[in-house]
Amino acid sequence: MENENVIQWGWEKGNPSNMRSKEHQAFLIQEYNKNRPEKDHVKDMAELNRALLTNEVKHLGMRSVTITERRVYHKVGKVTIELPKDLPLDRTMEWLENNTQKWGQELDNQFNTSELEFGTGVDDVPYMNEPQADRETRYDVNGERYGGHL
């Protein structure tokens, strides 16, 4: 069975061997334009040749690709300090904020020695729930069901 719609290369009709038929030119242009944005489409063989020389020939042989990955790690530091016995629970955060000298440096020291763990730590550490934050500090009063973020 013979296909009547085969691409005509041009030489069958006595044209010079370096000329392509209109059908073949249309095919090449269509193939080049496929999967390209409209602004990069070519309309004729002159544009196709320029595009190939400008964009495609530079990629003969090997091309390179850059792979970028961001990995998130976290550290957890914990310190336990004594609170004044007569401090009401609802004043704990205020007291901690006013007394960072009693726990801040020790917490920094804990970070220096703690190990890096993969991930944000949000799901690993109870009540840590701010995945977008650079850091998250909270307190939990031992023996009470009371705590919060600083």
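Summary of the structure given here.

1. Considerations on the packing of aromatic side chains
Okay, step 1: This structure, assessed with the given rule, holds two aromatic pairs.
Okay, step 2: Aromatic pair tyrosine 73 and phenylalanine 118: ring centres 5.4 Å apart, planes at 75 degrees, arrangement edge-to-face. With tyrosine 73 in strand β1 (residues 73–74) and phenylalanine 118 in strand β2 (residues 117–118), this residue pair connects regions lying 45 residues apart in the sequence.
Okay, step 3: Judged by relative accessible area, tyrosine 73 falls into the partly exposed class, the value being 42%.
Okay, step 4: Note on tyrosine 139 and tyrosine 146: the rings are 6.5 Å apart at their centroids and 50 degrees apart in plane angle, and the pair reads as tilted.
Okay, step 5: According to the relative accessible area criterion, tyrosine 146 is partly exposed, its value standing at 29%.
Okay, step 6: The positively charged end of arginine 36 is found above the aromatic ring belonging to tyrosine 32, 3.7 Å away from the centroid.

2. Describing the pairing of strand β4 (residues 146–149)
Okay, step 1: Pairing of strand β3 (residues 138–141) with β4, which is carried by four bridges, proceeds in the antiparallel orientation. Across the sheet, aspartate 140 pairs through a bridge with glycine 147, a residue of β4.
Okay, step 2: Where β3 folds back onto β4 in an antiparallel hairpin, the turn is made up of four residues, including glycine 143, whose phi is positive at roughly 80 degrees.

3. Section: a negative patch on the surface
Okay, step 1: A surface patch of like charges, here negative, comprises Glu115, Glu117, Asp123 and Asp124.
Okay, step 2: Mapped onto the elements, aspartate 123 comes out in the loop between β2 and β3.

4. Let's talk about the environment of lysine 78
Okay, step 1: Among the structural elements, lysine 78 can be located in the loop between β1 and α3 (92–98).
Okay, step 2: Note on lysine 78: relative accessible area 64%, which makes it exposed.
Okay, step 3: Sequence separation between lysine 78 and arginine 138 is 60 residues; the distance between their C-alpha atoms is 10.0 Å.
Okay, step 4: Apart from residues no more than four positions distant in its own chain, lysine 78 is found in contact with Leu107 and Gln110.

Rules and cut-offs
- Residues numbered from 1 in each chain as written.
- Predicted model: local features only at pLDDT ≥ 70, side-chain atom pairs only at ≥ 80, totals over all residues.
- Heavy atoms only, no water.
- Phe/Tyr/Trp six-rings, centres within 6.5 Å; stacked < 30°, edge-to-face > 60°.
- Helix = DSSP H or I, 4+ residues; strand = E, 2+ residues; numbered from the N terminus.
- Buried < 20%, exposed > 50% of the residue type's maximum accessible area, 1.4 Å probe, protein only.
- Lys NZ or Arg CZ within 6 Å of the ring centre and 35° of its normal.
- Pairing = 2+ DSSP bridges.
- Patch = residues over 30% accessible without salt bridge, like charges linked within 9 Å, V, L, I, M, F, W, Y side chains within 5 Å.
- Areas by Shrake-Rupley, 256 points an atom, 1.4 Å probe, with all protein chains shown as cover.
- Salt bridge = Lys/Arg side-chain N within 4 Å of Asp/Glu carboxyl O.
- Lys, Arg positive; Asp, Glu negative; His and termini not counted.
- Charge placed at Lys NZ, Arg CZ, Asp CG, Glu CD.
- Contact = heavy atoms within 4.5 Å.

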